[in-house]
Amino acid sequence: MKCAWQAYLNLLPHRIRQDVDTLGKDDLQELRLRIGQPPELVFQSTYKYLSQETTKNDIAFVINAASEYSPWAAGTVGQGFITGQGGHRIGICGVCTVFDGKMTGISQPTSLCIRVSRDFYGCAQKAANIQDSILIIGPPGSGKTTLLRDLIRQKSNSGQGSVAVIDEREEIFPLYKGSHCYQAGERSDILAGCRKADGVDAVIRSMNPRWIAVDEITAQSDADALLQAGWCGVHLLATAHAGSVYDLKTRPIYQQLIRYNLFTNVIVLHRDKSWTLERI
Amino acid sequence: MIAKILGALFVVVSCASVGFRIAANHRAEEKALRNLIGILDYMECELRYRLTPLPILCRRVAADFPNIPGNFFEILAQEMDAQLSPDMEACVAKALRTSKNIPAITKNTLELFGKTVGRFDMEGQLKGLDAVRSECKRNLDILGSNRESRLRSYQTLGLCAGASLAILLI
């Protein structure tokens, strides 16, 4: 297991760093900060509270540390999150600013969920030989991105052609101090920070990939991009929020993907991080 | 007698230098505000088209616009790199405390700059820079009104005050 732990600690207010380091270095899943409440450390099956109350300054510190005092540059605050160095995603809640009916930012953040990005080498080994497109589904926090990351690496290292990764949120292969935190594989090309639709289009035209990997199909435009890529002789690796295959079939965004047989292999992740392969 | 004349001369020169210094400060203030407007224009371009993070941007400003006194933007970049302050306002306040020789009006304008940068959305960010630029222009207008006669008055007043003091003392 690998984790940019120091990068995670650097995101936290100085006064709680030591406690978080001591209590959560090995198995912390996320840290939750809410103004007026003590910080909550969430583990696989338990949670702990620190003694100090979270202040407005603590929240501001985390956001500014993650964005180098430039939250507007992250461009994702309008979607309710920013990604810090080391690929640690910070979910933000508070009072939104809305412009032209579109959420553009959060003017008064009141709570944060700071997730720990970890890499488990070999967790997707059993799925490495599947020669067709694969969709990874699971509830939030079940390890979809972690599994996708390893699947990309396995495909890339096992001579199955090049893998183009569209890393919109810079979470699959995040950068820390100018280099990738996690090993990406011998034949992986990573296009980070762009919209999936633009990225898919760009790599098909310019990188000649055998596989295209994207994380979190959440919008109709993401699904449309995959539909476009699926009929170009490229296989897809993707993740989606769904608790089961039934959920997947029920959600309108994914119905199109299933109707056109874009994905016949679905890896279903469970809360305990185990997974099963289903064919649809 | 020579001692008296020398003393009187010394008093005149000292008082006059106060008047001249006030005039010089006035000019320095104008120069700093004009530089700040140039910096804000540059920052807006960088933010709008390149999304340059603020620590890198401040370092570039420090290198490209060395005329802001007290090395303010370099200190501000260091402050952000250290990640000890919760937000930009606190970073700017610390950098202003550390930077020396920043003219008073420019200092107040930079405080306003601290309150407007580091916003969540780009539009708000750009509007914040606009507000600081307007403040600079407003201050420049105030400083520029009757500029020549006012500066001459400071210098003349210094000289006259020195002369009257010398006469009184002799």
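If you're wondering where the values come from, they're calculated on a predicted model, not measured in any experiment.

I'd like a description of the interface of chain B and chain A, backed by residues and values.
Counting residues at the interface gives 18 residues for chain B, matched by 20 residues for chain A. If you list the elements that add at least two residues to the side of chain B that touches chain A, you get α2 (54–64), α4 (88–98) and α6 (122–144) of chain B. Here the residues of the side of chain B that touches chain A are counted per class, giving 10 nonpolar, 4 polar and 4 charged.

Got a sec to walk through the environment of Val92 of chain B? Specific residues and values, please.
Residues and elements named next belong to chain B. In this fold, Val92 is placed in helix α4. On a C-alpha basis, the gap between Val92 and Leu110 in space is 7.6 Å, while along the polypeptide they are 18 residues apart. Discounting chain neighbours no more than four positions away, the residues touching Val92 are Leu76, Leu110, Glu111, Phe113 and Gly114.

If you had to explain the sheet that holds strand β5 (residues 81–83) of chain A to someone new, which residues and values would you point to?
Residue and element names in this part refer to chain A. Strand order in this open sheet of 6 strands is β4-β3-β2-β7-β6-β5, and the pairing throughout is antiparallel. In this open sheet, the two edge strands, each paired with only one partner strand, are β4 (47–49) and β5. Geometrically, the sheet is characterised by an average inter-axis angle of 35° between neighbouring strands, direction not taken into account. Note: strand β2 (residues 30–34) against strand β7 (residues 102–115), 5 bridges, orientation antiparallel. By the bridge assignment for β7, Glu30 is matched with Arg115. Docked against the sheet, helix α3 (residues 56–67) engages β2, β5, β6 (89–99) and β7, running at close to 100° with respect to β7.

Residue-level account of the pairing of β6 of chain A, with values.
Residues and elements named next belong to chain A. Bridge count between β5 and β6: 3 bridges; the pairing is antiparallel. Of the residues in β6, the one forming a bridge with Ile82 is Ile90. Linking β5 to β6, which pair antiparallel, is a turn of 5 residues; within it Gly86 sits at a positive phi near 85°. Across 10 bridges, β6 lies against β7 in antiparallel orientation. Bridge assignment links Val98 to a residue of β7, and that residue is Met103. Following β6, the chain reverses through 2 residues before pairing antiparallel with β7; Asp100 in that reversal takes a positive phi of roughly 55°.

So what's going on with the sheet that holds strand β14 (residues 211–214) of chain A? Residues and values would help.
All names here are of chain A. The strand order across the open sheet built from 7 strands is β13-β10-β14-β15-β9-β16-β17, with neighbouring strands paired in mixed fashion. Looking at which strands have only one partner, the edges of the open sheet turn out to be β13 (188–192) and β17 (275–279). Across the sheet, the mean angle separating the axes of adjacent strands is 20° when strand polarity is ignored. Alignment of strand β16 (residues 265–269) against β17, held across 5 bridges, turns out to be antiparallel. Bridge pairing links Leu269 to Trp275 in β17.

The rules we used
Residues numbered from 1 in each chain as written. Chains lettered and ligands numbered in written order. Predicted model: local features only at pLDDT ≥ 70, side-chain atom pairs only at ≥ 80, totals over all residues. Contact = placed C-beta atoms within 7 Å. Helix = DSSP H or I, 4+ residues; strand = E, 2+ residues; numbered from the N terminus. Nonpolar A, V, L, I, M, F, W, Y, C, P; charged D, E, K, R; others polar. Pairing = 2+ DSSP bridges. Axes fitted to C-alpha atoms, helices over the stretch in contact; angles between N-to-C directions.

The analysis is restricted to geometry; functional conclusions fall outside its scope.
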